Amino acid sequence: MLTLGCHLSSADGFAAMGQTAVNIGANTFAYFTRNPRGGSVKDLDPEDVAGLRDVMDEHGFGTLVAHAPYTLNMASAKPYVREFALKAMQEDLARLEWMPPAHYNFHPGSHVGQGIDEGIGLIAEGLNAVIVPGQRTRVLLETMSGKGSEVGGTFEQIARIIDGVDHDEVLGVCLDTCHVSDAGYDIVNDLDGVLDEFDHVIGLDRLLALHVNDSKNPCGSHKDRHERIGEGTLGLGTFTSIVNEPRLQGLPMILETPNDLAGYTAEIAMLRGMADNEGE
Ligand code: FE
Ligand code: FE
Ligand code: ZN
C-alpha cells in the first residue's frame, strides 16, 4: 500500500489534519510547521497531538512530513536572516521530538549572489548548529529546481551539503518530482537512470520522502511551477512508473499540486488505482 497524502492546512490543529487525511484517502500528510512568513508558533496542545496519534494508529499511517517555512534562508548573505532561520529550525525540531513520527523537510536556501560554494558552506554550517546529536527527527534537504540562486538544484550540491555536516546520520533527502524535472533530470524518459544517478551521487538510503507534483514547464526549465498530476509535462505515465518503482516503495509520497480537497481526493484515488500492489 502506498504511503500517500497531500499538503494540508494546520489551521484547525493536528488531530483535524489527521481526520482530514483519513477523509480524503490519505495515510500520511504534510504541513507547514509555522506560517510561510516564518512567524511564531502556538504552544503544542498535548490533547491535540494525542488526537493525531490516535488517528494515525487507528488508520496505519506512515511517517508524516513537516515542511519548514520556505522563506527561511540559511544561505543568506545577511546574518540576521541566517540567525532567524536557525532559530526557527531549532524550535521546529524541538517540537517535532514530541510529535508522532515525522520527517522535517526544508529548502536548502538561496545564495543570493554569494556563489554556490559559499551557499553550500553556510547551509552545512547552519545544519551543524541546529542538529542535536541523537535527535529522532530526520532533516530532509529538498531537491530544488535551480531557479535564481537556489542551492540544491543538482544531486552534487545536495551531496556536498551532506558532506559538510558532522551528524549526517540525521540527514535525508526529499525528492520533488516537479523540481528535479525542472532542474534537468529526465524522469519522464529515464526514471531508472535518474534514480541510479541519485544513488551514485547521494545514495538511495538517503531518500526518505517524495513530493509528487507534475510540472507546468519542460525538463531543465528551472521554473518550479507545480501542476496537477497528469496535466503537466511529466504526464500520467511518469507517475505510473513512480508509484510502481520498487526503489520508491514505502516512502511517504506527498502531493503539492494546485488542488482543493476534492481535487486531492481524486488524485489520491487515481494514484492508488495506478499502483499494482495497492490493497495488498
Ligand atoms: Fe518544498
Ligand atoms: Fe516540494
Ligand atoms: Zn516547488
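Look above for the structure.
Note that this is a predicted model, so its numbers are computed, not measured.

(A) Up close: the coordination of the iron ion (ligand 1). Distances from the iron ion (ligand 1) to its protein donors, His67 (NE2), His107 (NE2) and Glu142 (OE), fall within 2.1 to 2.3 Å. In this structure, the iron ion (ligand 1) lies 3.1 Å away from the iron ion (ligand 2), the two metals sharing Glu142 as a donor. Here His107, found in the loop between β4 (102–106) and β5 (109–110), pairs with Glu142, found in strand β6 (residues 139–142); they are 35 residues apart in sequence, far enough to count as distant. In this structure, His107 and Glu142 share a single accessibility class: buried.

(B) Region of the structure containing the pattern of salt bridges. Going through the model one piece at a time under the given rule, you end up with 13 salt bridges. Asp92 is paired through a salt bridge with Arg34; the nearest N and O atoms lie 2.8 Å apart. Of this pair, Asp92 sits in helix α3 (residues 79–96) while Arg34 sits in the loop between β2 (30–32) and α2 (46–58), and the two are 58 residues apart along the sequence. Given the relative accessible area of 2%, Asp92 is considered buried. A relative accessible area of 6% means that Arg34 is categorised as buried. The partner of Asp168 in a salt bridge is Arg206, and the shortest N-O contact between them spans 2.7 Å. Taken together, the positions of Asp168 in the loop between α5 (155–163) and β8 (171–176) and Arg206 in the loop between α7 (191–201) and β9 (207–212) put the pair 38 residues apart, joining distant regions of the chain.

(C) Up close: the side chain of Glu150. Note on placement: Glu150 falls in strand β7 (residues 150–151). Separated by 2.8 Å, the side chains of Glu150 and Lys147 make a polar contact.

(D) Structural view of the coordination of the zinc ion (ligand 3). The zinc ion (ligand 3) binds to the protein through His179 (NE2), Asp224 (OD) and His226 (NE2), with metal-donor distances spanning 2.0 to 2.3 Å. All donors of the zinc ion (ligand 3) come from a single chain, and their spacing in sequence reads H-x44-D-x1-H. The distance between the zinc ion (ligand 3) and the iron ion (ligand 1) is 5.4 Å. Taken together, the residues span a long stretch of sequence, with His179 in helix α6 (residues 177–183) and Asp224 in the loop between β10 (214–215) and β11 (226–227) at a distance of 45 residues. Judged by relative accessible area, His179 falls into the buried class, the value being 2%.

(E) Region of interest: the sheet that holds strand β12 (residues 252–255). Ordered by their spatial adjacency, eight strands build an open sheet running β1-β12-β9-β8-β6-β4-β3-β2, and the pairing between neighbours is parallel. Strands at the two margins of the open sheet, each flanked by one partner only, are β1 (3–6) and β2. For this sheet the average axis-to-axis angle between neighbouring strands, irrespective of direction, equals 30°. Pairing of β8 with β9 involves four bridges; the strand directions are parallel. Paired with Val173 across the strands is Leu207, a residue of β9.

(F) A look at the packing of α3 against helix α4 (residues 116–130). Across the interface, α3 lies against α4 with an axial gap of 10 Å and an inter-helix angle of 40°. With respect to α4, the axis of α3 lies oblique. Once α3 is placed against α4, the crossing between them reads as right-handed. Side by side, α3 and α4 meet where Arg82, Leu86, Met89, Gln90 and Leu93 of the first sit next to Leu122, Gly126, Ala129 and Val130 of the second. Here the contact of α3 with α4 is composed, by residue class, of six nonpolar, two polar and one charged.

(G) Spatial organisation of the nonpolar core. By size, the foremost hydrophobic cluster in this structure holds 78 residues, and its most contacted members are Phe29, Phe106, Leu127, Leu210, Met253 and Leu271. It is α3 that contributes the most residues to this core, six residues altogether. Setting aside residues no more than four positions away along its own chain, Leu127 makes contact with Met74, Phe106, Val139, Leu141, Ile161, Val165 and Leu171. Counting seven residues, the second largest nonpolar core, distinct from the first, contains Val65, Leu140, Ala209 and Ile254.

(H) Representation of the packing of α5 against α7 in the model. Look at α5 against α7: their axes get within 9 Å of each other, and the N-to-C directions meet at 25°. Classed by the angle they form, the pair α5 and α7 counts as roughly parallel. Note that α5 runs across α7; the crossing there is right-handed. Only Val194, Glu197, Phe198 and Val201 of α7 make contact with α5, whose side of the interface consists of Phe155, Glu156 and Ala159. Taken together, the residues of the contact of α5 with α7 break down into five nonpolar, no polar and two charged.

(I) A look at the pairing of strand β3 (residues 64–67). Burial along β3 is two-sided: Leu64 and Ala66 and Val65 and His67, pointing in opposite directions, are all buried. In this sheet, β3 lies alongside β2 in parallel orientation, the contact comprising three bridges. Opposite Phe32, over in β3, you have His67 as the bridge partner. By the bridge criterion, four bridges tie β3 to β4 in an arrangement that is parallel. What sits directly across from His67, in β4, is Asn105.

Criteria and cut-off values
- Residues numbered from 1 in each chain as written.
- Chains lettered and ligands numbered in written order.
- Predicted model: local features only at pLDDT ≥ 70, side-chain atom pairs only at ≥ 80, totals over all residues.
- Heavy atoms only, no water.
- Donors = N, O, S within 2.8 Å, 3.2 Å for Na, K, Ca; no water.
- Helix = DSSP H or I, 4+ residues; strand = E, 2+ residues; numbered from the N terminus.
- Buried < 20%, exposed > 50% of the residue type's maximum accessible area, 1.4 Å probe, protein only.
- Salt bridge = Lys/Arg side-chain N within 4 Å of Asp/Glu carboxyl O.
- Polar contact = N/O pair within 3.5 Å; in protein donor to acceptor, adjacent residues only side chain to side chain.
- Pairing = 2+ DSSP bridges.
- Axes fitted to C-alpha atoms, helices over the stretch in contact; angles between N-to-C directions.
- Parallel < 35°, antiparallel > 145°, perpendicular 65-115°, else oblique.
- Left-handed = near helix turned anticlockwise from the far one by under 90°.
- Contact = heavy atoms within 4.5 Å.
- Nonpolar A, V, L, I, M, F, W, Y, C, P; charged D, E, K, R; others polar.
- Core = buried A, V, L, I, M, F, W, Y, C linked by side-chain atoms within 4.5 Å.

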